Amino acid sequence: MASVGDHARRQAAKLPSLSLDPPPMQATQEQLQQHKIPLQYRDYCAHLLIPLNECRVKNFWWPGTCKHERHEFEVCQYREYLRRVKKMEVQRAQEQG
Amino acid sequence: MYLCLFLFPFFGFLVSGSFGRLFGKQGAAFIATFCVCCSCLCSFVAFYEVGLTSCPVTLSLFPWICVDVVESFWSISVDSLTAVMLVVITTISSLVHVYSISYIKDDPFLARFISYLSLFTFLMLSLVLADNYLQLFFGWEGVGLASFLLISFWSSRLQACKAATKAIIINRVGDVGLALALFCFILIFGSVEYSTIFSCSSKVAFCTFLFCQFKVDILSCIGVLLLIGASGKSAQIGLHTWLPDAIEGPTPVSALIHAATMVTAGVFVLARSSPILEFSPVVLFFVSLVGAFTAFFAATTGLVQNDLKRVIAYSTCSQLGYMVFASGLSQYALGVFHLSNHAFFKALLFLGAGCIIHAIKDEQDLRRIGGLAYLLPFTYSFILVGSLALVGFPFLTGFYSKDAILEFSLSNFSVTGGLCHWFGVISALFTSFYSFRLLVLGFLGYPNGFKSFYKNCHEAPLFIAVSLIPLGLGSLFIGFFCRELFLGAGTPFWANSIFIYPVRESIIEAECAPVILKQIPLFFTVMGAAVSFSFIYHNPIITYRFLFFNQMFRVFYTFLNQRWLFDRVYNESFAKAFLFFGHAISFRIVDKGALEILGPFGIVFIFPGLSKQLISLQSGRVYHNVLFIVYGLGFLLCSPLFYSSNGCFFLISVGCWIVFRVF
């Protein structure tokens, strides 16, 4: 049975077009502070979290709402996760010569 | 409003406790229940204001203890974490109050019982509303005391008194940990305020102090002490033995204290102290390990218990283990989410168990009941809902938190995470087994009780039914409605109330885990249910034959039935020694010995003897009288010398010389 790491490596390998360079940081520090984005989410997808959280607060976190915003944010996070995994693979390969 | 939220239960306690005779037991109970319901209403408003609209509130009421640099105010501080706890505590407490009005209606001391419940609620609120560790400690000790009073409410029952004593003693062990942590805060931070401590914790991270020539990490030391405190209150392995015994108290007490509120205080403290724990990976490792072992140990013990309430109590212990190991994996929000979900379905299970006990003349041995599904369909349906929520049946409340805990442990990428995951999964299997065993033995199996039990069996009265319905609805829907609020990726709900070190956030990793791995807990749950049905329901005779004729299995069964022999080991190693000390030394030598001799008993018997000796000095002989005159005169003459450097020595020498010369 594949572990979480193996699964992620396989998924990352399926996306050869995935760049190893981080995407540009779109949300500014002021925006992150203004929208009270949690520290651990101040990453390259934070600009998508801002509208998602606005939508959540507006709808009182009601289930079934903000589907589009959540989907966009999760896709971004997933691609970012796979990029990190791929980068780690490259680093490991370089270390092993 | 916040003050009303806090003080309403105290008012209810005062009225029902002091004027119970005036209002009558039912009147006092209604007033106290009304007060707690008002507090519950305020809690929901506070949840909306603080949690949903992100407006934390702090009210400083009055200075409490101000010594040197330490200043502690009695305050009310409501943030998202507190708001969740407020809703859980007051909702469950209100429903338990309503339930108790009917459940204990024949008891002449109903007013006293209700006043204890209100006191407990007030103290629990003071624990969660604190903005400093000192006030938290006040609430912490207070709920321990209220728990003692409630467990021993039926004080004529020996087992209840023993259970209450055990609860308060074992809780004291944990309290020592919390008290020492409090002293450490004062020593290191010079403050007990959350805001000061949490903002400085990153500054003292990885700093050490010397203790017995060993370098000890400051935050690790504090974290371990907090863990000991949390283990005592939240019944983690080693300090868990009080919880299963505490079922000797009335059933509403079990629902309120030992399922929904008091036992969650430890988990609350861990979540509240997240800014400290996050800077100490060692403590997090221990927290997760303790939680995982507790979940596993309690689940195995619950497999073979025959007391209806004891099974549920071990289930509580096991679920608390899940909450603690979620906290150890830095998923405090998840721990609190499981805490709130668990409060609803566990309170439902306990109150449902109370309905069964009430219906069949206080019988709670699972082997002596059975076939109740046809006689108590209303109670059966609620117990079924509670059990399904507990085992994590898909789309019920427990599923959203328990499954998430196991997913997060899977994606932790550490040995601890893997260990916790597999302990958790196996515990899920056992949880499913004992939950369905309870349903089979209690409701579906062959009726094993006396005929009189079944003839007079009746459903719950109105007040009891009314309190079960909201809990049932909560067990069905709370998880679904609150999942996004509590666990949504990047949710701003928790704001600053919970701190997670950024690298430890693993929600995306958990989401991206292979589907087959995510389905393992569900597979184990189904397997547990299937095994339970096939062995307990379809083939009970074969099971019992196997149990009796297989030597190894019987030993294993006995080991689990005797709760891993924890109680026996504690009794042999600690209890006997302490009882000996308590009786032979503390009672016979100190209380009945030294204190009696130096105290009133001694005065009564020593003074007549002394007075007899004094009387004997009055011999009437001249040379005796001359001796005393000379000695007195000598003393008067030499008294100025008393103040000189050698005066005392001179005085004693003269006195000795006179006495020697005369005699």
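Report follows, based on the coordinates. (Residues numbered from 1 in each chain as written. Chains lettered and ligands numbered in written order. Predicted model: local features only at pLDDT ≥ 70, side-chain atom pairs only at ≥ 80, totals over all residues. Heavy atoms only, no water.)

A look at the overall build of chain B
Reasoning step 1: Regarding its fold elements, chain B presents 29 helices and four strands.
Reasoning step 2: Out of the 663 residues belonging to chain B, those deemed buried represent 58%.
Reasoning step 3: Taking as baseline every contact in chain B between residues at least 6 positions apart, the subset at least 24 positions apart corresponds to 79%.
Reasoning step 4: Entry remark: accessible area of chain B is about 28500 Å², with carbon and sulfur atoms responsible for 73%.
Reasoning step 5: Side chains of chain B carry 35 positive and 29 negative charges; the gap between the two charge centres is 14 Å. (Helix = DSSP H or I, 4+ residues; strand = E, 2+ residues; numbered from the N terminus. Buried < 20%, exposed > 50% of the residue type's maximum accessible area, 1.4 Å probe, protein only. Contact = heavy atoms within 4.5 Å. Areas by Shrake-Rupley, 256 points an atom, 1.4 Å probe, with all protein chains shown as cover. Lys, Arg positive; Asp, Glu negative; His and termini not counted. Charge placed at Lys NZ, Arg CZ, Asp CG, Glu CD.)

Observations regarding the layout of surface pockets
Residues and elements named next belong to chain B.
Reasoning step 1: By volume, the second largest pocket amounts to about 730 Å³.
Reasoning step 2: Forming the boundary of the second largest pocket are 22 residues, of which Lys166, Ile169, Ile170, Asn571 and Ala575 lie nearest the centre.
Reasoning step 3: Residue assignment for the lining of the second largest pocket shows that the elements contributing at least two residues are α6 (158-189) and α26 (566-598).
Reasoning step 4: It is α6 that contributes the most residues to the lining of the second largest pocket, eight residues altogether.
Reasoning step 5: Class assignment for the residues of the lining of the second largest pocket results in ten nonpolar, five polar and seven charged. (1 Å grid on protein atoms, 1.4 Å probe; cavity = no way out; pocket = protein on both sides within 12 Å on 5 of 7 lines; lining within 4 Å. Points joined across faces, edges and corners; volume = space filled by probe spheres on them. Nonpolar A, V, L, I, M, F, W, Y, C, P; charged D, E, K, R; others polar.)

Observations concerning the side chain of Lys309(B)
All names here are of chain B.
Reasoning step 1: Tracing the sequence through the fold places Lys309 in helix α14 (residues 308-328).
Reasoning step 2: Notably, Lys309 is buried but unbridged: the nearest opposite-charge side chain belongs to Asp307, and the N-O separation is 6.9 Å.
Reasoning step 3: The residues touching Lys309, leaving out its near neighbours within four places in the chain, are Ile247, Gly249, Pro250, Thr251, Ser254, Phe350, Ala353, Ile357 and Gln364. (Salt bridge = Lys/Arg side-chain N within 4 Å of Asp/Glu carboxyl O.)

Concerning the pairing of strand β3 (residues 208-211) of chain B
Residue and element names in this part refer to chain B.
Reasoning step 1: Note: β3 against strand β4 (residues 214-217), four bridges, orientation antiparallel. Its bridge partner being in β4, Leu210 is matched across the sheet by Lys215.
Reasoning step 2: As consecutive antiparallel partners, β3 and β4 are separated by two residues, and within that stretch Cys212 has a phi angle of approximately 55°, a positive value. (Pairing = 2+ DSSP bridges.)

Focus on the pairing of strand β1 (residues 57-67) of chain B
Reasoning step 1: Pairing analysis gives nine bridges linking β1(B) to strand β2 (residues 70-78) of chain B, with the strands arranged antiparallel. Within β2(B), the position partnered with Cys66(B) by the bridge is Glu71(B).

Some words on the interface of chain B and chain A
Reasoning step 1: At the interface, 29 residues of chain B touch 26 residues of chain A.
Reasoning step 2: In total, chain B and chain A occlude about 2400 Å² of area from one another, counting both sides; carbon and sulfur atoms represent 71% of this.
Reasoning step 3: Inspection of the chain B/chain A interface yields three salt bridges.
Reasoning step 4: Its salt-bridge partner being Arg56(A), residue Glu484(B) comes within 2.7 Å of it at the nearest N-O pair.
Reasoning step 5: At the surface where chain B touches chain A, the tally comes to seven residue pairs in polar contact (both at pLDDT 80 or more).
Reasoning step 6: Those elements that provide at least two residues to the side of chain B that touches chain A are α2 (20-52), α20 (462-487), α21 (507-511) and α22 (515-518) of chain B.
Reasoning step 7: At four residues, α20(B) tops the list of elements feeding residues into the side of chain B that touches chain A.
Reasoning step 8: Of the residues belonging to the side of chain B that touches chain A, the class tally is 21 nonpolar, five polar and three charged. (Buried area = accessible area lost by both parts, 1.4 Å probe. Polar contact = N/O pair within 3.5 Å; in protein donor to acceptor, adjacent residues only side chain to side chain.)

So, the packing of helix α17 (residues 397-410) of chain B against α20(B)
All names here are of chain B.
Reasoning step 1: One can describe the packing of α17 onto α20 by two numbers: an axis separation of 5 Å at closest approach and a directional angle of 45°. The pairing of α17 with α20 is recorded here as oblique in orientation. Judged by residue contacts, Thr397, Tyr400 and Ala404 of α17 engage Gly474, Ser475, Leu476, Phe477, Ile478, Gly479, Phe480, Arg483 and Leu487 from α20.
Reasoning step 2: Considering only residue class, the contact of α17 with α20 consists of seven nonpolar, four polar and one charged. (Axes fitted to C-alpha atoms, helices over the stretch in contact; angles between N-to-C directions. Parallel < 35°, antiparallel > 145°, perpendicular 65-115°, else oblique.)

Some thoughts on the state of the cysteines
Reasoning step 1: For the structure on display, the rule yields two disulfides over all chains.
Reasoning step 2: One disulfide bridge connects Cys55(A) with Cys66(A), the sulfur atoms lying 2.0 Å from each other. Judged by the sign of its S-S torsion, about -95°, the bond between Cys55(A) and Cys66(A) is left-handed. On the criterion of sequence distance, the pair formed by Cys55(A) in helix α3 (residues 46-58) and Cys66(A) in the loop between α3 and α4 (67-95) is long-range, its members being eleven residues apart. The two residues Cys55(A) and Cys66(A) agree in class, both being buried.
Reasoning step 3: Once the disulfide-bonded cysteines of chain A are ranked by sequence position, their pairing pattern turns out to be 1-4, 2-3.
Reasoning step 4: Cys482(B) forms no disulfide, and the closest cysteine sulfur to it belongs to Cys40(B), at a distance of 14 Å. (Disulfide = S-S within 2.5 Å.)

Description of the environment of Pro514(B)
Residue and element names in this part refer to chain B.
Reasoning step 1: With respect to the helices and strands, the residue Pro514 is situated in the loop between α21 and α22.
Reasoning step 2: On the basis of relative accessible area, Pro514 is assigned to the buried category, the value being 5%.
Reasoning step 3: In sequence terms Pro514 and Leu125 are 389 residues apart; their C-alpha atoms lie 42 Å from each other.

Some words on the pattern of salt bridges
Reasoning step 1: This structure, assessed with the given rule, holds 19 salt bridges over all chains.
Reasoning step 2: Glu89(A) serves as the salt-bridge partner of Arg92(A), at 3.7 Å between the closest nitrogen and oxygen. Taken as a pair, Arg92(A) and Glu89(A) lie in helix α4 at a separation of three residues, close to a single helical turn.
Reasoning step 3: On the basis of relative accessible area, Arg92(A) is assigned to the partly exposed category, the value being 39%.
Reasoning step 4: For the salt bridge of Glu511(B) with Arg483(B), the shortest nitrogen-to-oxygen distance reads 3.7 Å. Residue Glu511(B) is located in helix α21, and its partner Arg483(B) is located in helix α20; the two are separated by 28 residues in the primary sequence.
Reasoning step 5: Judged by relative accessible area, which is 39%, Glu511(B) ranks as partly exposed.
Reasoning step 6: Beyond isolated ion pairs, a larger network of salt bridges with shared partners links Lys166(B), Asp245(B), Arg310(B), Arg563(B) and Asp567(B).

Looking at a nonpolar patch on the surface
All names here are of chain B.
Reasoning step 1: Among the surface-exposed residues, Leu3, Leu7, Leu59, Leu61, Phe62, Trp64, Ile65, Val67 and Phe138 lie close enough to one another that they form a single nonpolar patch of about 700 Å² accessible area.
Reasoning step 2: Those elements giving two or more residues to the nonpolar patch turn out to be α1 (2-18) and β1.
Reasoning step 3: Residue classification places Trp64 among the partly exposed positions, given a relative accessible area of 31%. (Patch = residues over 30% accessible without salt bridge, like charges linked within 9 Å, V, L, I, M, F, W, Y side chains within 5 Å.)

Topic: unusual backbone geometry
Reasoning step 1: Despite not being glycine, Trp61(A) has its phi angle at roughly 60°, a positive value.
Reasoning step 2: Within the secondary structure layout, Trp61(A) lies in the loop between α3 and α4.
Reasoning step 3: Trp61(A) sits in the buried class, given a relative accessible area of 2%.
Reasoning step 4: Despite not being glycine, Cys212(B) shows a phi value in the positive range, around 55°.

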